[in-house]
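Residues per chain are reported as follows:
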Amino acid sequence: MENIRENFDFIVSQEFNGTRLDKYLSEQIEEATRSYIEKLIDKGFVKINEKCITKNGRKLKTDEKVEVAIPEEENVDIEAENIPLDIVYECDDFIVINKKYGMVVHPAYGNYSGTLVNALLFYTNNLSSVNGNIRPGIIHRLDKDTSGLIVVAKNNFAHAKLASMFIDKTIHKTYLCIVKGNFSEQNLTGRIENLIGRDPKDRKKMTVVEQNGKLAISNYRVVDQVESFSLVEVAIETGRTHQIRVHMKSINHPILGDAVYGTEDKNIKRQMLHAYKLEFLNPLDGKEYSFKGKLFDDFIETAKKLKLNIEGYYGK
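Described below are features of the structure shown in this document. Because the structure is predicted, anything quoted here is derived from the model rather than measured. (Residues numbered from 1 in each chain as written. Predicted model: local features only at pLDDT ≥ 70, side-chain atom pairs only at ≥ 80, totals over all residues. Heavy atoms only, no water.)

### Quick word on the overall build of the protein chain
(1) Moving on: Secondary structure assignment for the protein chain yields six helices and 14 strands.
(2) Moving on: Against the globule reference of 20 Å for 316 residues, the protein chain gives a C-alpha radius of gyration of 21 Å, in line with a compact fold.
(3) Moving on: Along the three orthogonal principal directions, the C-alpha set of the protein chain runs to about 55 × 50 × 35 Å.
(4) Moving on: Per-residue burial for the protein chain yields a buried fraction of 47% across its 316 residues.
(5) Moving on: Taken as a whole, the protein chain presents about 16,100 Å² of accessible surface, with 44% of it coming from carbon and sulfur.
(6) Moving on: Side-chain charges of the protein chain comprise 45 positive and 46 negative groups, with the mean position of each set lying 3 Å from the other. (Helix = DSSP H or I, 4+ residues; strand = E, 2+ residues; numbered from the N terminus. Rg over C-alpha atoms; globule rule 2.2 N^0.38 Å. Buried < 20%, exposed > 50% of the residue type's maximum accessible area, 1.4 Å probe, protein only. Areas by Shrake-Rupley, 256 points an atom, 1.4 Å probe, with all protein chains shown as cover. Lys, Arg positive; Asp, Glu negative; His and termini not counted. Charge placed at Lys NZ, Arg CZ, Asp CG, Glu CD.)

### Considerations on the side chain of threonine 19
(1) Moving on: For threonine 19, the position within the fold is in the loop between strand 1 (4-11) and helix 1 (21-28).
(2) Moving on: Of the polar contacts made by the side chain of threonine 19, one reaches the backbone oxygen of phenylalanine 16; its length is 3.0 Å.
(3) Moving on: Contact partners of threonine 19, with chain neighbours within four places excluded, come to Tyr24, Arg58, Lys59 and Leu60. (Polar contact = N/O pair within 3.5 Å; in protein donor to acceptor, adjacent residues only side chain to side chain. Contact = heavy atoms within 4.5 Å.)

### A look at the pattern of salt bridges
(1) Moving on: Per the stated rule, a full pass over the model turns up twelve salt bridges.
(2) Moving on: Across the pair arginine 221 and glutamate 233 runs a salt bridge whose closest N-O atoms are separated by 3.4 Å. One end of the pair, arginine 221, is in strand 11 (residues 214-226); the other, glutamate 233, is in strand 12 (residues 229-236), with twelve residues separating them in the sequence. (Salt bridge = Lys/Arg side-chain N within 4 Å of Asp/Glu carboxyl O.)

### Regarding the packing of aromatic side chains
(1) Moving on: Enumeration according to the criterion identifies 14 aromatic pairs in this entry.
(2) Moving on: Measuring from centroid to centroid gives 5.1 Å for phenylalanine 16 and tyrosine 24, while their planes differ by 80 degrees, and the two rings are edge-to-face.
(3) Moving on: Phenylalanine 16 gets classed as buried once you look at its relative accessible area, which sits at 14%.
(4) Moving on: Between tyrosine 289 and phenylalanine 291 the ring centres are 5.7 Å apart and the planes differ by 20 degrees, which places this aromatic pair in the stacked class.
(5) Moving on: Overall, the relative accessible area of 11% leaves tyrosine 289 in the buried class.
(6) Moving on: Feature note: the residues Tyr89, Phe94, Phe280, Tyr289 and Phe291 constitute an aromatic cluster, connected by ring pairs.
(7) Moving on: Geometry around tyrosine 101 places lysine 100 over its ring, the cationic atom sitting 5.6 Å from the centre. (Phe/Tyr/Trp six-rings, centres within 6.5 Å; stacked < 30°, edge-to-face > 60°. Lys NZ or Arg CZ within 6 Å of the ring centre and 35° of its normal.)

### Here's the deal with the pairing of strand 8 (residues 171-180)
(1) Moving on: Of all ten residues in strand 8, eight are buried; the element is thus mostly enclosed.
(2) Moving on: Bridge count for strand 8 against strand 13 (residues 273-281) is seven bridges, and the pairing is antiparallel. Bridging across to strand 13, isoleucine 171 finds its partner in phenylalanine 280.
(3) Moving on: As judged from the eight bridges shared by strand 8 and strand 12, these two strands associate in the antiparallel manner. (Pairing = 2+ DSSP bridges.)

### Focus on the packing of helix 1 against helix 2 (residues 34-42)
Describing two packed helices takes the angle between their axes plus the distance from one axis to the other.
(1) Moving on: Axis separation between helix 1 and helix 2 bottoms out at 9 Å; the angle between their running directions is 120 degrees. The angle between the axes of helix 1 and helix 2 places the two elements in the oblique class. Judged by the twist between their axes, the crossing of helix 1 over helix 2 is right-handed. Judged by residue contacts, Leu21, Asp22, Lys23, Leu25 and Ser26 of helix 1 engage Arg34, Ile37, Glu38 and Ile41 from helix 2. (Axes fitted to C-alpha atoms, helices over the stretch in contact; angles between N-to-C directions. Parallel < 35°, antiparallel > 145°, perpendicular 65-115°, else oblique. Left-handed = near helix turned anticlockwise from the far one by under 90°.)

### Some details on the pairing of strand 14 (residues 288-292)
(1) Moving on: Of the two faces of strand 14, the one lined by Tyr289 and Phe291 is fully buried and the one lined by Glu288, Ser290 and Lys292 carries no buried residue.
(2) Moving on: In this structure, strand 13 lies alongside strand 14, joined through five bridges in antiparallel fashion. Across the sheet, leucine 278 pairs through a bridge with phenylalanine 291, a residue of strand 14.

### Some words on the sheet that holds strand 2 (residues 46-48)
(1) Moving on: Spatially, four strands are ordered 1-4-2-3 in an open sheet, and the strand pairing comes out antiparallel. A strand with exactly one partner marks an edge of an open sheet, and here the two such strands are strand 1 and strand 3 (51-52).
(2) Moving on: One ladder, built from three bridges, connects strand 2 with strand 4 (residues 65-71); its direction is antiparallel. In the sheet register, lysine 47 faces strand 4, and the bridge partner there is glutamate 67.

### Structural notes on the side chain of arginine 245
(1) Moving on: Mapping arginine 245 onto the fold places it in helix 5 (residues 243-250).
(2) Moving on: Take arginine 245: its relative accessible area is 6%, and that puts it in the buried class.
(3) Moving on: Aside from chain neighbours lying at most four places away, what touches arginine 245 is Asp143, Ile255, Asp258, Val260, Tyr261, Gln271 and Leu273.

### Here we look at helix 4 (residues 156-168)
(1) Moving on: Relative to the 18 Å expected for 13 residues at 1.5 Å per residue, helix 4 spans 18 Å between its end C-alpha atoms, a close match to the ideal helical length.
(2) Moving on: Turning to helix 4, its buried residues are Ala158, His159, Leu162, Met165 and Phe166. Taken down its axis, helix 4 places every buried residue within 130 degrees of arc, on the same side. Facing away from the buried side of helix 4 by more than 90 degrees, the exposed set consists of Phe157, Ile167 and Asp168.
(3) Moving on: Buried residues along helix 4 sit against strand 6 (94-99), strand 7 (147-153), strand 8 and strand 13. (Expected span 1.5 Å × (residues − 1). Arc of directions from axis to C-beta.)

Purely geometric stuff here, so don't read any function into it on its own.
And the structure:
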């Protein structure tokens, strides 16, 4: 019996009536490849209405319950790949990287190449082993299309210390985003505090919930506004999945380019969200650190096109 790492439950909505099972699951499970989904089905990890289904082409019906079990993949060999990295800082204990948009942080669900981990394995032999060979050195993550700063541990002692700081909220993370709409004078700064959990209607999305969620806190400050758009700094106290994207949507200011929590924009290839600043007192050497990740060209071009003032965010 294989160890199960994660379980997904879906109720088929009317829009997916008649959709192939493999196609449906590849859309519902974020970052999963179609071939990986097909293997899960073939090996009996998928059930419909509590009955094991092994046919990829099985047509779904409205209101059917689909259950997926994701097995552990600790024995998968992840290859080193020569992918350029923007190293902001490096010492014996950790590396700070300015991750480009479009890059998944670690392998998962059949995506075993092109990730930050593949690039790290090529760059160095010194990575913590706390999270196994699938996620070596990885303490926290950013969404695929969110750019910006991420800290990677080079040894297990540093990993434990840094991970505890994320739990204790002593690592301060500030993001920069472009959102839709304008804020009133009395709402130029604000604090969003609520529970975030899986959206019962769409399990690949997160949403604000009344119960059975995790506490999420974001503090925002409007930097600049033009007609219909705003440049906003967001400092997070917690690190929930899709937190800023969900919070901005919850106050009716979805992030520009976010097709999941807002609306798709053909001129914007990804959500305009960048992990801009990282600050912490390092318990390993007692020093204060403050890092800034330079904005990528697409963010700068979008802001300039909208005439938003981002001059204060140029450079590192």
